[in-house]
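Structural features, examined
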Amino acid sequence: MYTQIIVGYDISETKKRNKFFDELKDLGLVSIQKSVFWGYVLPSEKRVIKELFKKYCQIETDKAFIVNVTLDKDLNDSFGYDNEDFSHPESFEIV
Amino acid sequence: MKHIIVNNYGMFLGLKSQRLTIKQDGSIKNEIALNRIKTIQVLSRGISLSSDLINSCSQRGIKIFFNTFNSFSALHTLYEHKSVMVRKYQFEKCELIEGLELARTLIIGKLKNQRATLLYSSRGFENEFKHNVIEKFDKSISQLKNKKDISKDFILGIEGVSASYYFEYLKSMELLPRSFKYRTKRHSEEITNIALNYGYAILFNFIYKACINAGLEPYYGVLHSVRSAKPSLILDIMEEYRSFVVDRNVIKLRSKLSKTKAENFDKIKKELATNILKTLSKKYKYNHRKLTLESIIQRQVYKVSGYFCSQNKYKSYIFRW
C-alpha cells in the first residue's frame, strides 16, 4: 500500500514555501535536502500532495513534482546518505 | 501506522502543526506525524503532555495510555459508542451460559499456547519432567473440553493449577533467571516478575485498543470478577496471548535479566519493549493469509464481538512453531 516517493519543489514566495514544508512534514515525509522530501505515502496522501501543489504553487513562477523511487535500494548511486536516512517505517517507536 | 512508547522520565510531548514533538531538556528529540500514529503509551512517571496534543489525538482517534506498575488509565473519545448494541448484547450474554462457554474457549486457548511456549523453549532437551508437565497440560485441556456442567470455579481451578505447573517448569528448567521463585503480580521486587508485569502492561494496551475498536465494554468480562475499575474483559482476552507475546520474550532475555538488578530494570526496559512490539508486528498465518499479530488480535476481538451478537462461533488463536 505504501509507496516511496520524492517530492521536489521550487517555490519563490517564502511564506508559502514554509507552509508547504510544514504540510509535507505533517504527512510524514522527511526532508532530505533543502527543497526535497522523501517518504512512504498512501495513494490518497499522494493525491493530497498534488492538491498542495495547487494551493501553494503559482503556475508562472513555481515548479514542483512527485516521483516514485526506491531510494533505500539505490544507495550506491547517492552521495552522503546512509541506510538510516531511508529506513522503512517501523510499526512502533520507543523513546 | 505506529505505536509510540515513551519510557523516559522528564520528557515533554507537544504538538507542532500536525506533528507530535518529543522534547527532552528543551530540545526536540523526535518529530512524528500524527497521521502515522495509532497509540501513545506512556510507561513512565514524570512525562508531560500538552493540551493541544491531547485534543488533536482525540480528534484523530489516537488512544493515549498511561501505565505504571500499579495503575492503568486511557484517554480516548466516546466516538466508539456508536456500537451501543454490541455492548447491550455483551451485558446479556456474559450472564448466560454463552459467557461461560467463551471463558472455557479462552482458557483452552491459553493452555494450548502455554503448552506451545513450553515445548518451544525446551525444544533442545528431553526428560521425564517435561513429558509429565505436557501430559498434565493435555489432561487439563481435555478436562476443560469435555466437562458438561461447566462453572466459573472449575475453569479458574484448572487455569490456576496449570499456571503453577507452567511457572514451576520454567523455574526448574532454568528458563527464567534463578532469582525467580514464584509469580507475583504487583509491587514485585524480583526482576523476572517486574519484566513480566511490564510486558503484560504493553499487551494490555493493545487488547484494550482492540476492544474499544470492536465496540466492547472492557470492564465487563466473562471469567475475571466484575469489579469497579477492573477491566475484566481485557484480562480475559489477554490470557490467550500472554505466554506467546510476553513470556517467550522474557525467556529469551533471561541471561540479561539474571545479570541485571531489579532497581536497574530501566536498562533493559527498551529491549524488552522492542522485542514485544516486534512480535506484535510480525506476520503469522491466519485464515490462509499472513497478517501481523496485532491485526490477528484485532480480528479475534471482532470475533468475540460477533460471538456476543450470536453471529459466529469463537475459536482461540493457537500459535504453532
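Residues numbered from 1 in each chain as written. Chains lettered and ligands numbered in written order. Predicted model: local features only at pLDDT ≥ 70, side-chain atom pairs only at ≥ 80, totals over all residues. Heavy atoms only, no water.

Our focus in this paragraph is the overall build of chain A. A count of helical and extended segments in chain A gives 2 helices and 5 strands. Reported as C-alpha extents along the three principal axes, the dimensions of chain A are approximately 40 × 30 × 25 Å. Expressed as a percentage of the 95 residues in chain A, the buried residues total 36%. The long-range fraction of contacts in chain A, counting pairs at least 24 apart against all pairs at least 6 apart in sequence, stands at 67%. (Helix = DSSP H or I, 4+ residues; strand = E, 2+ residues; numbered from the N terminus. Buried < 20%, exposed > 50% of the residue type's maximum accessible area, 1.4 Å probe, protein only. Contact = heavy atoms within 4.5 Å.)

This next bit is on the pattern of salt bridges. As enumerated under the stated definition, the model contains 18 salt bridges over all chains in all. Two residues, K38(B) and E294(B), come together in a salt bridge whose shortest N-O distance is 3.0 Å. Note that K38(B) is positioned in strand β5 (residues 37-42) and E294(B) in helix α10 (residues 293-308), a separation of 256 residues in sequence. Classification of E294(B) by relative accessible area gives buried; the value is 11%. Note that E174(B) and R178(B) form a salt bridge whose closest N and O atoms lie 3.3 Å from each other. One salt-bridge network, in which partners are shared between bridges, spans D22(A), K25(A), D26(A), R19(B) and E31(B). (Salt bridge = Lys/Arg side-chain N within 4 Å of Asp/Glu carboxyl O.)

Counted according to the given criterion, the structure contains 0 disulfides over all chains. Cysteine C211(B) shares no disulfide, and the gap to the nearest cysteine sulfur, in C94(B), comes to 11 Å. (Disulfide = S-S within 2.5 Å.)

We now examine the UniProt feature "binding site: Mn(2+)" (unreviewed entry) in chain B. Residues and elements named next belong to chain B. Summarizing the sequence annotation, UniProt attributes the feature "binding site: Mn(2+)" (unreviewed entry) to E159, H224 and E239 in the numbering used throughout. These annotated residues cover 81 residues of sequence, and their C-alpha atoms lie no more than 11.8 Å from one another, placing them together at a single site. Within the element layout of this structure, E159 appears in helix α5 (residues 152-172). Look past the residues within four positions of E159 in its chain and what remains in contact with it is I107, K110 and E239. (UniProt positions renumbered as here; feature names shortened; annotations may be inferred.)

A word on the UniProt feature "binding site: Mg(2+)" (unreviewed entry) in chain A. Residue and element names in this part refer to chain A. In the numbering adopted here, UniProt assigns the feature "binding site: Mg(2+)" (unreviewed entry) to D10. Relative to the helices and strands, D10 resides in strand β1 (residues 3-10). Excluding residues that lie within four positions of it along the chain, D10 makes contacts with D62 and K63.

Listed by partner, the interface residues are 26 residues for chain B and 15 residues for chain A. Summed over both partners, the interface of chain B with chain A comes to about 1800 Å²; 49% of that surface belongs to carbon and sulfur atoms. Its largest share of buried area at the contact with chain A, chain B owes to K2(B), R19(B) and R36(B), together 31% of the area lost on that side. At the junction of chain B and chain A, the tally comes to 4 salt bridges. A salt bridge links R19(B) to D22(A), with the shortest nitrogen-to-oxygen separation between them at 3.4 Å. Counting across the chain B and chain A interface gives 9 residue pairs in polar contact (both at pLDDT 80 or more). Looking at the side of chain B that touches chain A, the element that brings in the most residues is helix α9 (residues 266-281) of chain B, giving 6 residues. Pairing of strand β5 (residues 92-94) of chain A with strand β1 (residues 2-6) of chain B, which is carried by 3 bridges, proceeds in the parallel orientation. For F92(A), the partnering residue across the bridge sits in β1(B) and is H3(B). (Buried area = accessible area lost by both parts, 1.4 Å probe. Polar contact = N/O pair within 3.5 Å; in protein donor to acceptor, adjacent residues only side chain to side chain. Pairing = 2+ DSSP bridges.)

Attention now goes to the packing of helix α4 (residues 128-146) of chain B against α5(B). All names here are of chain B. Between α4 and α5, whose axes approach to 11 Å, the crossing angle comes to 165°. Classified by the angle between their axes, α4 and α5 sit roughly antiparallel to one another. Along this stretch, α4 crosses α5, giving a crossing that reads as left-handed. Within the contact between the two elements, α4 uses F129, K130, V133, K136, F137, S140, Q143 and L144 and α5 uses F154, I155, I158, S162, Y165, Y166, Y169 and S172. The residue inventory of the contact of α4 with α5, partitioned by class, reads 10 nonpolar, 4 polar and 2 charged. (Axes fitted to C-alpha atoms, helices over the stretch in contact; angles between N-to-C directions. Parallel < 35°, antiparallel > 145°, perpendicular 65-115°, else oblique. Left-handed = near helix turned anticlockwise from the far one by under 90°. Nonpolar A, V, L, I, M, F, W, Y, C, P; charged D, E, K, R; others polar.)

The next point concerns the side chain of S56(B). Relative to the assigned elements, S56(B) resides in helix α1 (residues 51-60). In this structure S56(B) touches L15(B) and L34(B), once residues within four positions along its chain are discounted.

Let's shift gears to the sheet that holds β1(A). All names here are of chain A. Taken in spatial order, the 4 strands line up as β2-β3-β1-β4 in an open sheet, and their pairing is antiparallel. Only two strands of the sheet have a single neighbouring strand rather than two, namely β2 (30-33) and β4 (63-68). Pairs of neighbouring strands in the sheet enclose a mean axial angle of 25°, with direction left out of account. Two elements, β1 and strand β3 (residues 36-41), share 6 bridges in a ladder whose sense is antiparallel. Within the sheet, the bridge partner assigned to I6 lies in β3 and is W38. Running at roughly 175° to β1, helix α1 (residues 14-26) makes contact with β1, β2 and β3 of the sheet. Across the sheet, helix α2 (residues 43-56) is in contact with β1, β3 and β4; its angle to β4 comes to roughly 165°.

On to a nonpolar patch on the surface, then. A grouping of M1(A), Y2(A) and M1(B) is seen on the molecular surface, where their side chains present a nonpolar patch of about 360 Å² in accessible area. Its location among the elements puts Y2(A) in the segment before β1. (Patch = residues over 30% accessible without salt bridge, like charges linked within 9 Å, V, L, I, M, F, W, Y side chains within 5 Å. Areas by Shrake-Rupley, 256 points an atom, 1.4 Å probe, with all protein chains shown as cover.)

Attention now moves to the nonpolar core. One broad trend across soluble globular proteins is that nonpolar side chains are buried collectively. Formed by 85 residues in total, the largest nonpolar core has its most connected members in I202(B), I207(B), L216(B), Y241(B), V245(B), L293(B) and I297(B). Per-element accounting of this core gives the leading share, 15 residues, to helix α6 (residues 191-213) of chain B. Discounting chain neighbours no more than four positions away, the residues touching Y241(B) are L203(B), I207(B), V246(B), I297(B), Q300(B), Y314(B) and F319(B). Within the second largest apolar cluster, 18 residues are counted, among which are V95(A), L20(B), I32(B) and C57(B). (Core = buried A, V, L, I, M, F, W, Y, C linked by side-chain atoms within 4.5 Å.)

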